[in-house]
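Coordinate inspection notes
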Amino acid sequence: MSRSNTQPDRTDAASQSAASRKGQGVPVVHLLHEGLPLPSAEPSSGAATGHPADDARWMADPLPPEVLRGLPGWDQDFAALPGFVPTSLGGTPMLVARPDSGPSVEFIASSSPSASAAALPPVIVCGPCTSSLDVAHTLAAAGALPEWGAVLAVSQRAGRGQLRRPWESPPGNIYAALRLPAAGVFATETAAIALGCLFAEAFNALGVPVQLKWPNDLLLGDAKVGGMLIEEKRGVVLAGIGINVVSAPPPQALRQGWAVPAASLADRGISATPLTLWRHLVEDSRFCYESQVLRAGGADFVSCAEKHLAWVGRGVVVHGGEVGDCPGRILGLEPQGGLRIVISGREHILRSGSITPIPS
Ligand SMILES: Nc1ncnc2c1ncn2[C@@H]1O[C@H](COP(=O)(O)OP(=O)(O)OP(=O)(O)O)[C@@H](O)[C@H]1O
Ligand SMILES: O=C(O)CCCC[C@@H]1SC[C@@H]2NC(=O)N[C@@H]21
């Protein structure tokens with residue numbers, strides 16, 4: 001990843017330092033090349049034309065390598081990967097990019113999630129899908145997605161944000177679903193802010209000053225470049241993570257009234273490709289989680305998250321939370337990740353709702 005014309009390319013330095021700090025192998029990359037139909041129990045809507053793109057029975061369309069090669073950013077990612085080998089993961093046909101060293105896919109398919117997570121979490125790249133979260137829930141239920149393993153979709157037909165708000169998902173950006181350890185901070189209501197902090201750290205390590213907009217957005221300047229969503233099903237905790245790498249929706253496509261403007265990394269002069277950036281972010285986040293969050297305990301973690309919190313000391317408008325719509329000033333975070341905010345001279349802890357900045 002590089003900040004074109006303004007900063008040196010830090011990709012190589014960042015990945016080398018990340019790799020040496022972690023001492024772990026490179027994750028195996030899988031292509032979900034034959035797609036993933038909806039489970040047969042799910043009702044089908046729309047005509048079954050036989051073509052996955054027109055057929056609502058498909059959760060993820062097939063992703064032949066030649067299609068992947070034609071997508072923005074993926075052409076470069078694909079060229080950088082080693083050869084693909086057909087295999088099967090949880091009964092799903094895939095192509096696997098074998099890493100230079102380390103165990104192959106059979107290890108992941110046959111081990112318990114936590115055992116395999118210790119070694120090489122996979123990145124499963126899938127074609128256009130409803131949502132990478134749907135694909136990840138299905139693979140996790142089949143025992144095919146270990147902790148820190150991720151599904152990375154090239155695009156989504158029904159990307160979702162909080163409260164099922166639509167997430168614009170054209171090709172070229174990151175649409176990931178990351179399986180988190182279902183314990184500690186990730187098993188609590190603080191999960192989104194904790195993960196946001198880890199990702200902000202990882203971006204900052206690349207020289208990209210991403211901040212956290214409470215409760216679940218990633219900002220660059222005052223624009224939203226990404227969002228996070230935690231979903232839990234039958235003990236599986238997934239984080240849905242969207243990052244605008246090459247494009248962002250125009251203002252008219254955003255929630256009217258309350259949305260902050262959207263931007264992409266490319267809009268800010270930062271060039272990146274989805275898979276390479278994703279691998280850096282997740283490896284770095286995992287490293288920070290295991291070396292710092294796991295050992296530090298809650299309070300230290302909150303001070304770390306506060307370091308990345310956007311708009312501290314600034315006037316904001318609160319919408320839809322416990323306090324109703326009103327102006328306030330951000331103080332910081334409380335230990336469970338709630339937002340400390342002064343409203344009419346009194347401190348409140350916000351646990352739900354949205355904030356937008358008052359223009360200065
Ligand atoms: N690719 C995208 N990039 C940035 N913003 C997007 C994108 N797609 C959709 N959005 C906006 O994000 C919203 C979904 O995110 P979210 O549910 O977090 O709402 P929000 O408006 O950011 O509120 P909050 O402050 O509570 O997070 C959508 O309603 C839309 O306005
Ligand atoms: O800001 C938000 O409300 C969170 C947006 C999360 C969007 C990502 S894109 C990848 C994953 N799949 C989805 O359907 N949603 C998340």
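Residues numbered from 1 in each chain as written. Chains lettered and ligands numbered in written order. Predicted model: local features only at pLDDT ≥ 70, side-chain atom pairs only at ≥ 80, totals over all residues.

**Things to note about the confidence of the model for the protein chain**
Summing up the model confidence of the protein chain, the mean pLDDT is 81 and the portion of residues at 70 or higher is 76%. Segment residues 43-48: pLDDT under 50, and seven contacts once partners within four positions in sequence are set aside and those in other chains are kept. Below a pLDDT of 50 lies the segment residues 99-118, which in the model reaches 35 contacts outside its immediate sequence neighbourhood of four places, other chains included. Here the predicted complex carries an ipTM of 0.96, next to a pTM of 0.86. (pLDDT = per-residue confidence, 0-100. Contact = placed C-beta atoms within 7 Å.)

**Overview of the pairing of strand S8 (residues 150-153)**
Side-chain direction in a regular strand flips from residue to residue, so the side chains alternate between the two faces of the sheet. Going residue by residue along S8, you find Ala150 and Leu152 tucked away on one face and Val151 and Ala153 tucked away on the opposite face as well. Bridge count for strand S7 (residues 123-126) against S8 is four bridges, and the pairing is parallel. Residue pairing for S8: Val123 is matched across the bridge by Ala150. Of the crossover connections in this fold, the one passing from S7 over helix H6 (residues 132-141) to the parallel S8 is right-handed. (Buried ≥ 20, exposed ≤ 12 C-beta atoms within 10 Å, placed from the backbone. Helix = DSSP H or I, 4+ residues; strand = E, 2+ residues; numbered from the N terminus. Pairing = 2+ DSSP bridges. Right-handed = clockwise from strand over helix to strand, strands pointing away.)

**A look at the nonpolar core**
The nonpolar side chains of soluble globular proteins are, as a tendency, buried together. By size, the foremost hydrophobic cluster in this structure holds 92 residues, and its most contacted members are Val125, Cys126, Val135, Val151, Leu152, Ala176 and Ala194. At 11 residues, the largest contribution of residues to this core is made by helix H7 (residues 191-205). When residues of this core are assigned to domains, at least three fall in each of domain 1 (2-306) and domain 2 (311-357). Setting aside anything within four residues of it in sequence, one finds Val125 in contact with Val29, His30, Leu31, Leu32, Leu63, Leu152 and Leu275. (Core = buried A, V, L, I, M, F, W, Y, C linked by C-beta atoms within 7 Å. Domains from an automatic or database assignment.)

**Thoughts on the sheet that holds strand S18 (residues 346-350)**
With antiparallel pairing, the five strands of this open sheet are ordered in space as S18-S17-S16-S15-S19. One side of each edge strand has no neighbouring strand; the edge strands of this open sheet are S18 and strand S19 (354-357). This sheet shows a mean twist of 45 degrees between the axes of neighbouring strands, independent of strand direction. Sheet topology note: the strand S15 (residues 315-319)/strand S16 (residues 326-333) ladder contains four bridges and is antiparallel. When the bridges of S16 are listed, Gly315 appears paired with Arg329. (Axes fitted to C-alpha atoms, helices over the stretch in contact; angles between N-to-C directions.)

**Here we look at the domain arrangement of the protein chain**
Taken domain by domain, the protein chain comprises domain 1 (2-306) and domain 2 (311-357). Between domain 1 and domain 2, the contact holds 12 residues from the first and 11 residues from the second. If you tally residues by element for the side of domain 1 that touches domain 2, the top one is helix H9 (residues 298-307), at five residues. For the side of domain 1 that touches domain 2, the residue count by class is seven nonpolar, two polar and three charged. (Nonpolar A, V, L, I, M, F, W, Y, C, P; charged D, E, K, R; others polar.)

**What to know about the environment of Ser169**
For Ser169, the location among the structural elements is in the loop between S8 and strand S9 (174-180). When the C-alpha atoms of Ser169 and Gly337 are compared, they prove to be 28 Å apart, with 168 residues separating the residues in sequence. Dropping the residues within four chain positions of it, Ser169 is found in contact with Ser155, Gln156, Gly159 and Tyr175.

**Observations regarding the site of ligand 1**
The full set close to ligand 1 counts 20 residues, and Gly161, Gln162, Arg255, Ala262 and Ser354 are the nearest of them. Looking at the shell around ligand 1 residue by residue, the classes come out as eight nonpolar, seven polar and five charged. (Near = placed C-beta within 6 Å.)

**Some remarks on the site of ligand 2**
Not every one of the 20 residues close to ligand 2 is listed here, only the nearest: Ser131, Gly161, Gly227, Gly240 and Gly242. When contributions to the shell around ligand 2 are tallied by element, the ones reaching two or more residues are H6, S9, strand S12 (223-233) and strand S13 (236-243). A breakdown of the residues in the shell around ligand 2 according to their chemical character gives eight nonpolar, 10 polar and two charged.

**Overview of unusual backbone geometry**
In this chain, Trp214 is followed by Pro215 through a cis amide linkage whose omega measures 5 degrees. Of note, Pro215 is situated in the loop between strand S10 (211-213) and strand S11 (217-220). Positive phi is not limited to glycine here, since Arg164 has a value of about 60 degrees. Looking at the element boundaries, Arg164 is found in the loop between S8 and S9. Of note in the backbone geometry, Ser344 takes a positive phi value of approximately 50 degrees without being a glycine. Following the sequence through the fold, Ser344 ends up in the loop between strand S17 (339-343) and S18. Judged by local crowding, Ser344 falls into the exposed class, with 9 C-beta atoms found within 10 Å.

**Considering H6**
The element H6 is largely enclosed, with a buried count of nine among its 10 residues. Buried within H6 are the following residues: Ser132, Leu133, Asp134, Val135, Ala136, His137, Thr138, Leu139 and Ala140. Two residues or fewer past H6, Gly143 is found with a positive phi of approximately 75 degrees.

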